[in-house]
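Reading the structure
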Amino acid sequence: MGIGVGILLLVIGLILVTGAIDLPETVTDVMDAELVGWICLVVGVLSIVLVLVMNRQRTRTTHTERRDR
């Protein structure tokens, strides 16, 4: 789920920043689509980086089992 959400935010951010779709007038009156796009873009990149870092830590972790008699 982690990397998928990051990619989704990245794509939504790029669509909003580039203006690939025209939003209705009622939406553009309430929010700045380019600003929301940049926010989604940054959060998406941070999400992907965090997921990759956490997965790398998970693969480096070793567990040892110790039995006491």
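First, a word on what this report is: a plain description of the structure on this page. Here the structure is a predicted model, which means the values were calculated and not measured.

Attention shifts here to the overall build of the chain. For the chain, the count of helices and strands is three helices and zero strands. Secondary structure elements of the chain, listed N to C terminal, follow the sequence α-α-α. Here the C-alpha atoms of the chain give a radius of gyration of 20 Å, more than 25% beyond the 11 Å that 2.2 N^0.38 yields for 69 residues. A principal-axis box enclosing the C-alpha atoms of the chain has dimensions of 75 × 20 × 15 Å. Counting all 69 residues of the chain, 16% fall into the buried class. Residue pairs at least 24 apart in sequence account for 68% of intrachain contacts in the chain once pairs closer than 6 positions are excluded. For the chain, the accessible surface area stands at approximately 6000 Å², while carbon and sulfur atoms represent 64% of it.

What follows is about the pattern of salt bridges. What the rule picks out here adds up to two salt bridges. Salt-bridge contacts for Arg67 lead to Glu65; the nearest nitrogen and oxygen are separated by 3.3 Å. The pair formed by Arg67 and Glu65 is uniform in burial state, with each residue classed as exposed.

Now for a nonpolar patch on the surface. A contiguous nonpolar surface patch, about 490 Å² in accessible area, is contributed by Ile3, Ile7, Val11, Ile15, Ile21 and Leu52. In terms of residue count, the dominant contributor to the nonpolar patch is helix H1 (residues 2–18) (four residues). Mapped onto the elements of the fold, Leu52 is located in helix H3 (residues 33–60). Look at Leu52 and you get partly exposed, because its relative accessible area is 49%.

Our next topic: the packing of H1 against H3. Where H1 contacts H3, the two axes come as close as 7 Å, and the packing angle between them is 155 degrees. In terms of orientation, H1 and H3 fall into the roughly antiparallel class. Between H1 and H3 the crossing geometry is left-handed. When grouped by side-chain class, the residues that make up the contact of H1 with H3 number 18 nonpolar, six polar and one charged.

Checked against the element boundaries, Val17 lands in helix H1. A relative accessible area of 21% means that Val17 is categorised as partly exposed. Placed 23 residues apart in sequence, Val17 and Cys40 show a C-alpha to C-alpha distance of 9.4 Å. Not counting residues up to four positions away in its chain, the partners in contact with Val17 are Glu34, Gly37 and Trp38.

Scoring rules and cut-offs
- Residues numbered from 1 in each chain as written.
- Predicted model: local features only at pLDDT ≥ 70, side-chain atom pairs only at ≥ 80, totals over all residues.
- Heavy atoms only, no water.
- Helix = DSSP H or I, 4+ residues; strand = E, 2+ residues; numbered from the N terminus.
- Rg over C-alpha atoms; globule rule 2.2 N^0.38 Å.
- Buried < 20%, exposed > 50% of the residue type's maximum accessible area, 1.4 Å probe, protein only.
- Contact = heavy atoms within 4.5 Å.
- Areas by Shrake-Rupley, 256 points an atom, 1.4 Å probe, with all protein chains shown as cover.
- Salt bridge = Lys/Arg side-chain N within 4 Å of Asp/Glu carboxyl O.
- Patch = residues over 30% accessible without salt bridge, like charges linked within 9 Å, V, L, I, M, F, W, Y side chains within 5 Å.
- Axes fitted to C-alpha atoms, helices over the stretch in contact; angles between N-to-C directions.
- Parallel < 35°, antiparallel > 145°, perpendicular 65-115°, else oblique.
- Left-handed = near helix turned anticlockwise from the far one by under 90°.
- Nonpolar A, V, L, I, M, F, W, Y, C, P; charged D, E, K, R; others polar.

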